[in-house]
Structures are given as C-alpha cells and as structure tokens.
Amino acid sequence: MPLAFKRSQRLSIGTEIELQLVDLENYDLADKADLVVTDLDDNKHIKHELTKSMVELNSSVHNNIKELHDELRELTALVCNSAQKFGCDICGGGRHLSNDWRKQVITDTERYQQLGSRFGYLSKLACVFGQHIHIGVNDGDEAMYLCHALTPYLPHFIALSASSPLYQGVDTLFASSRFSAQNSFPNYGCLEQIYNWEQFNVYYECLSAAGVIDSIKDIYWDVRPKPELGTVEIRICDTPLQISHAVLLVGYCRLLADFLLAHPTEISPEYYALTNYNKINAYRSGFAADYVVPTTLERRNLSDHMLSTLAALRTDAGDLETQSLLNKIERHIRLGVNDSDRIRKMLNSGLSQKQVIQRQCRELLQAVS
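Residues numbered from 1 in each chain as written. Predicted model: local features only at pLDDT ≥ 70, side-chain atom pairs only at ≥ 80, totals over all residues. Heavy atoms only, no water.

Caption draft 1: Here's a closer look at the overall build of the protein. A tally of regular secondary structure across the protein gives 13 helices and 13 strands. Over its C-alpha atoms the protein spans a radius of gyration of 20 Å, differing by no more than 12% from the 21 Å that the globule rule assigns to 369 residues. Each principal axis of the C-alpha distribution contributes one length, and for the protein these read about 55 × 50 × 35 Å. The buried share of the protein, taken over its 369 residues, is 56%. Across the protein, the fraction of contacts at a sequence separation of at least 24, relative to all contacts at a separation of at least 6, is 75%. In the structure as shown, the protein presents an accessible area of about 15,800 Å², 51% of it carried by carbon and sulfur atoms. If you average the places of the 36 positive and of the 46 negative side-chain charges in the protein, the two averages end up 5 Å apart. (Helix = DSSP H or I, 4+ residues; strand = E, 2+ residues; numbered from the N terminus. Rg over C-alpha atoms; globule rule 2.2 N^0.38 Å. Buried < 20%, exposed > 50% of the residue type's maximum accessible area, 1.4 Å probe, protein only. Contact = heavy atoms within 4.5 Å. Areas by Shrake-Rupley, 256 points an atom, 1.4 Å probe, with all protein chains shown as cover. Lys, Arg positive; Asp, Glu negative; His and termini not counted. Charge placed at Lys NZ, Arg CZ, Asp CG, Glu CD.)

Caption draft 2: Layout of the packing of helix H5 (residues 140-150) against helix H8 (residues 243-262). Contact geometry for H5 and H8: axes closest at 10 Å, N-to-C directions at 115°. Relative to H8, the element H5 is oriented roughly perpendicular. As for how H5 packs across H8, the hand of that crossing is right-handed. Facing Glu 142, Tyr 145, Leu 146, Ala 149 and Leu 150 of H5, the residues of H8 in contact are Leu 256, Ala 257, Leu 260 and Leu 261. The residue makeup of the contact of H5 with H8, split by class, is 8 nonpolar, no polar and 1 charged. (Axes fitted to C-alpha atoms, helices over the stretch in contact; angles between N-to-C directions. Parallel < 35°, antiparallel > 145°, perpendicular 65-115°, else oblique. Left-handed = near helix turned anticlockwise from the far one by under 90°. Nonpolar A, V, L, I, M, F, W, Y, C, P; charged D, E, K, R; others polar.)

Caption draft 3: Region of the structure containing the nonpolar core. Judged by nonpolar contacts, the single largest core of 83 residues is most densely connected at Ile 135, Leu 146, Phe 200, Val 232, Ile 234 and Tyr 252. Broken down by element, this core gets its largest block of residues, 13 residues, from H8. Contact partners of Phe 200, with chain neighbours within four places excluded, come to Leu 3, Met 144, Ile 194, Ile 216, Ile 219, Trp 221 and Pro 225. Counting 26 residues, the second-largest nonpolar core is a separate cluster that includes Phe 129, Phe 185, Met 346 and Cys 361. (Core = buried A, V, L, I, M, F, W, Y, C linked by side-chain atoms within 4.5 Å.)

Caption draft 4: Spatial organisation of the packing of aromatic side chains. All told, the structure shown has 11 aromatic pairs when counted by the stated rule. Arranged with centres 6.0 Å apart and planes meeting at 35°, the rings of Phe 174 and Phe 179 form a pair that is tilted. Seen from their ring centres, Phe 185 and Tyr 220 are 6.3 Å apart, and the 55° between their planes marks the pair as tilted. Of this pair, Phe 185 sits in the loop between strand E7 (170-171) and strand E8 (188-189) while Tyr 220 sits in strand E9 (residues 220-221), placing them 35 residues apart in sequence. The pair Phe 185 / Tyr 220 is uniform in exposure class, with both members buried. The structure contains a cluster of three or more aromatic residues connected by ring pairs, namely Phe 5, Trp 197, Phe 200, Tyr 203 and Trp 221. (Phe/Tyr/Trp six-rings, centres within 6.5 Å; stacked < 30°, edge-to-face > 60°.)

Written as structure tokens, this is what we have:
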C-alpha cells in the first residue's frame, strides 16, 4: 500500500537535538539516559536515542522562531536539572572529545537493540550527536522537490554547525568528524534520484519487499521526506554548543526553504561525486572549504557561496526579524569561526579536555554570540 503523506502547514518548523550526558566527576559520557528520561516522563519531547549516554529533545511544531527558542530552553533546563540529580550534566557538541566507543551501551528499546545486533560495533561508533531540522510541506511531491533543492546548501549547515573536531581525544583536522561514525550504514548520505512521491513509493516498496529496510526510519539520507509528520528533515548538522545557535540554524533553513518554494527551478540530476565533494570539503575545512556550484561547475569558496545566498534571501526579507536572522548568519560567515574552532582555541589556550567539556555544559543555554 502506498505511503500516505500527511499535509502540514507549509514552512512550519520543528527540531530534534541530541545532547551528551556527562558525569560530573570526569566529564566522560554517562550511561544514565534511562534515569533522566524516566524521571522527566515526557515521551513526546524528551526521548531515548541509540546509546544510553544520549538524550534527545523533540520540539513541538511551531510557526514562530521565538516560541521554538523558548520551548527548547525550557526543555534543556528540565533535562539539565534532572541529570544533576543523578550526578550528570548535559552539553552540546557533535562528538564527545574523548569518548571510547567500546564503553557505550545500546539503549534497551526493541529498535535500538535490533540495530545493535545487526550492525555490531558500528552502532557503538555511532554514538555521535546531531541536530535534525523539520520544515513543513503540503504534500509528498513538494517534499521531494525541497529535498533536492536544499541539497546544494547542505555544506552551509555543515560549516555553521561544525562542533566535532576531536575523536577519542585526538584532533581529526576536520571541522566536523561526526559523519565518519555514520557513513558505513546502508541508505546513508545522498538521496536517490527520486523526484516525486510516486517514485518514492516505488523505491520504498522495492526496498521493503527485498528486506533491505523494515521501515522508513531505515532511510538515512542527509535530507529526507517524513511522510508521517508532513515534513522535510535535514539531518546534516552537528549539535551546536548553544541552544540559541541551534534555533538560528532552524531559522536559516526555513528562509532557504521559503525562497526555494517561492522561486521553484527545475531539478536536474546531480552527480553524487559533486555532492560528496562539497560535503567532505565542508566537513574538513568549514567556512574555508572549496565549493563547486553543481549547475555551472564554477569553483568558489564556500563562504562566498553562503554570502551570495544570503544576498538572494534578502530580496524576499521584508520584516525586521528576518533581517536580524540574516545578519546573525552573515556575522558567523564573515567571522569564519564555528564551534569546532572555538573548541580548538580553548584546548590551545591550555585548558584540559575536561575543562573544555565543563565550559560546553555551562554555555548550552547562553545566548548565541
């Protein structure tokens, strides 16, 4: 039976944010999500994730950025207070600075236990922390258009959210190393060359019949349709160090989606090699990455591409709130410093990794700089 696509209010917003649970003694990851999630008893907004050292915040559906921000701050404060009851704290960041994957414990739910059994050590390696952004759309055809239309802009979100420079205590030389923990899973990364909802249903039924997937949750594209929610889900971001920065990313994504829906263009097949080239460069070098424009093959600096995109968005931005959001994004781009750069700066100043994680905990609820 074809998958139904729930109709949502176009450009409604929501987000999921995966947070690290760390113990207050050594600031290592702490396997206490069971205690925190049970204590808070809010399965709609505060959930388990793949391992027991992760807690996921799920926002409600919003139309207003400020309301989203207020809700996420409230949820974060609740999780923080609960964690501290059990000798823990919480922080952002796409990867714990020194986590040993072998020590991770898979969550007890049936789905996560099945993933752990099927993928073995890969499941524990996937103890990384990301932000997913949801944008409401009217139907499945609109969702598939937006998935493709947003793909050239995924490096923007990589550079803006990068916060995972270390792996097991060692500098990876990447702005975002989180992707390396996930790219071994099947159906991960670039979306297929599928351009409408009918084609997606054929794809879904084919993979289901072959036993390649059990549900739509097994499709891990960087940007994918979520028919049960009526959204497009962008899955490329590291968890930022500040909740306010996570909200800024949602705002930027909605502005992009609004522009792309208001100015639709024909989607041409894009070589995966180009998409992956742009992504890996952004993972490696953040704002300083090389970027190839897929439609023209023009080589540019990623920051230049981001600034020209902001200029285009400003043509449709009439209200002060939108202008303010664009100004904040532009300030980040021109400064050329993301969370990974800030983590490195703290370490280079002589702080220990434990002290850096302590600072990450303290700044989770601070205002975005």
